[in-house]
Structures are given as C-alpha cells and as structure tokens.
2 protein chains.
Amino acid sequence: MATRLVEALREKGFSFATAESCTGGAVSQAVTSVAGCSDVMRGGVVAYDNCVKAGVLGVPAAVIAEHGAVSREVAEYMVRGVSRLLDAECAVATTGVAGPGGGTPDKPVGTVWIAAKARDEVAVRLLSLEDKGRINNIKQTVIEVLGLAEELLCRTLFSENKK
Amino acid sequence: MATRLVEALREKGFSFATAESCTGGAVSQAVTSVAGCSDVMRGGVVAYDNCVKAGVLGVPAAVIAEHGAVSREVAEYMVRGVSRLLDAECAVATTGVAGPGGGTPDKPVGTVWIAAKARDEVAVRLLSLEDKGRINNIKQTVIEVLGLAEELLCRTLFSENKK
C-alpha cells in the first residue's frame, strides 16, 4: 500500500508529510520503507504529547481543551499544520486511543480519527476499530490512513484532469 | 530494548524525543509500541528531506552543505535541535544511507551516524553496517541508537548519583 501511494505521489509530483499521534511514527515508517521514497517524502512530526500538537503543528490549545486530542477537529488541524510546516502537497494525520490504557466510555480503545490532505482538499474519517491490541490497532490505522490518502489523491487527480 | 529504555526514562523522569532521517520513523515507532510510553514520549521529527533538517530542527544549511547530510556534525545538530524543539531531556538522532540507492565511494550504503543526548551529554557514533538490504539496515540502526541512548542514560544516572 505504501508503495502504491509513493508511486501515485511521484506520478503527480506531490510531496508527502505525516503528523502522527497514536501511530507514533508507524505511518512514516511504512512510507520510508519504500526504496526511493525520498523523491516525495518530506518527513513528519510525531506529535505524541499535546504540547507537540500545539507547539510544533499549531493545533490551538483551546481546540484540544474543548474537543480532546482524539477528535475530528484536532485531526484536521494536525494535517493542515504538518502540510504547511513541511511544505507538502499531500499529508496525513492520526490521533486516537491505541490502548491498552486511555479509553473512556465516550472514546473507547480503538477510537481513532484519521485525516488526509491533497492540495486544498481535506478528508477526515472516524475509525471505530475492534480492539485487537495496541500493535494491531496501530497497524490497522496505518492501513486505513494510507488508503484514505490514496483515495483522496485519486479524486484530486481526477478532478484536476477534468479541468 | 524499547521497553527497557522507556523504563529507564520513566525511572529518571526524563522525557524523550527522536529526530530521524534514514530510519524514517522506525525509532519512534519502536518506542511508541510500548504501552504506557506516553509517560515519557514527547514525540519526534522525521527529517527525511534536508529542508526539514534545516527548517524544523535548525541544522544550519551551511553545515549540511559542507559535511553532507550523513555526517557527525548533522547527527549532533539533529539531536540537539529536537531536544530543544520538543523540550526533551533525552533524545536520539539518525542520519545515514539505508540503500539501495544513495551510496557513494566515501559513504557507501550502511554508513549511518547516530546520536543520543541525555541532559547536557551528547554521544555520536558512526555505524558501518554490512549492507543487508534497506529494511534490515533500518532495523539494525534502530537497535544501535536505542542501545546508545540507554548507555548514555545509565552513564548520566551514574554520574548524577555520584554527586
């Protein structure tokens, strides 16, 4: 999947960046495991602590306080922030509860928000993963967010070709 | 190894950050695969492109131009930069040639500089890995840099206990 995404990015001449909370670098690691990814890969920010989300990615502290770190709003700010910070045409973001701790009745383990951005288009999606343990929850999130980026990229390419 | 490092960090009350070029997020991913790592993990920067090394981590462009991205100097600037940016007492950095491309006679595939910082102490080390393919080169670098951080942390703890 990462290989397919790198090829799609290269074809379009899009650069790529990641902003990861619950996946902790696993998305970036998947993309950079592809040989030759440096054509498109700018880099990423692992924003594990909320102070990194705010201080580096520019997610307003008030938004984190109001909606929580695991929220649609924070996922969207993260993807926009990293895209701007690393000057990347395409970016992704993840924020969720990978477990085993951290779950609440409202946001149980497996609650994950993912986001992707391609040029001006942003897509945000809620995953309610069946909790299969921390490592598997992270892996599943990586698959989903790479898929979302590819989907968005195809749509963007398609709409640009139509013009 | 990551579990041991997280325990050592927690024991000391040190926060942790990563600055990764050739490992592309694999170090951060290893540390965040440990449940409960959020006690110590601030986050990290995947500085794949040189513009991220310079623009986000503050590695002077002149240093990159003079010594190359794969150098002792850049590794040291990266670890100091991420430690400052994410306000972490302990940090690590990696910059190297994971392959299969990118090797030169001077810096063949498997040439990797790693760095670790604990409080004011910095250790930088050159790895000359036997090239066992990109994925294995990355894995080996993760093991080496986690080991270097643990080593430095033990030394720092030891010298602080002596005071």
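What counts, and where the lines are drawn
Residues numbered from 1 in each chain as written. Chains lettered and ligands numbered in written order. Predicted model: local features only at pLDDT ≥ 70, side-chain atom pairs only at ≥ 80, totals over all residues. Heavy atoms only, no water. Buried < 20%, exposed > 50% of the residue type's maximum accessible area, 1.4 Å probe, protein only. Helix = DSSP H or I, 4+ residues; strand = E, 2+ residues; numbered from the N terminus. Pairing = 2+ DSSP bridges. Expected span 1.5 Å × (residues − 1). Contact = heavy atoms within 4.5 Å. Buried area = accessible area lost by both parts, 1.4 Å probe. Salt bridge = Lys/Arg side-chain N within 4 Å of Asp/Glu carboxyl O. Polar contact = N/O pair within 3.5 Å; in protein donor to acceptor, adjacent residues only side chain to side chain.

1. Overview of the pairing of strand 4 (residues 111–118) of chain B
Residue and element names in this part refer to chain B.
- The buried fraction of strand 4 is high, at eight of eight residues.
- With burial as the criterion, each face of strand 4 is covered, one bearing T111, W113, A115 and K117 and the other bearing V112, I114, A116 and A118.
- When strand 3 (residues 90–96) meets strand 4, the two strands line up antiparallel, connected through seven bridges. Bridge assignment links T94 to a residue of strand 4, and that residue is I114.
- Bridge count between strand 4 and strand 5 (residues 121–128): eight bridges; the pairing is antiparallel. Looking at the pairing, T111 lines up with S128 of strand 5.
- Two successive antiparallel strands, strand 4 and strand 5, enclose a turn made up of two residues, where R119 displays a positive phi of approximately 50°.

2. Quick look at helix 5 (residues 72–85) of chain B
Residue and element names in this part refer to chain B.
- The terminal C-alpha atoms of helix 5 lie 20 Å apart, and with 14 residues this matches the ideal 20 Å at 1.5 Å per residue to within 8%.
- Buried residues of helix 5: V74, A75, M78, V79, G81, V82 and S83, and no others.
- Two residues or fewer after helix 5 comes D87, characterised by a positive phi angle close to 55°.

3. A word on the interface of chain B and chain A
- Taken together, the contact between chain B and chain A spans 30 residues of the former and 30 residues of the latter.
- Both sides of the chain B and chain A interface together cover about 2100 Å² of buried area, and 63% of this is carbon and sulfur.
- R42(A) is the partner of D49(B) in a salt bridge, and the nearest nitrogen-oxygen pair spans 3.9 Å.
- Where chain B touches chain A, the interface holds 14 residue pairs in polar contact (both at pLDDT 80 or more).
- Secondary-structure elements contributing two or more residues to the side of chain B that touches chain A are helix 2 (26–32), strand 2 (41–47), helix 3 (50–55) and helix 6 (134–162) of chain B.

It is worth stressing that arrangement in space is one thing and function is another; only the former is reported here.
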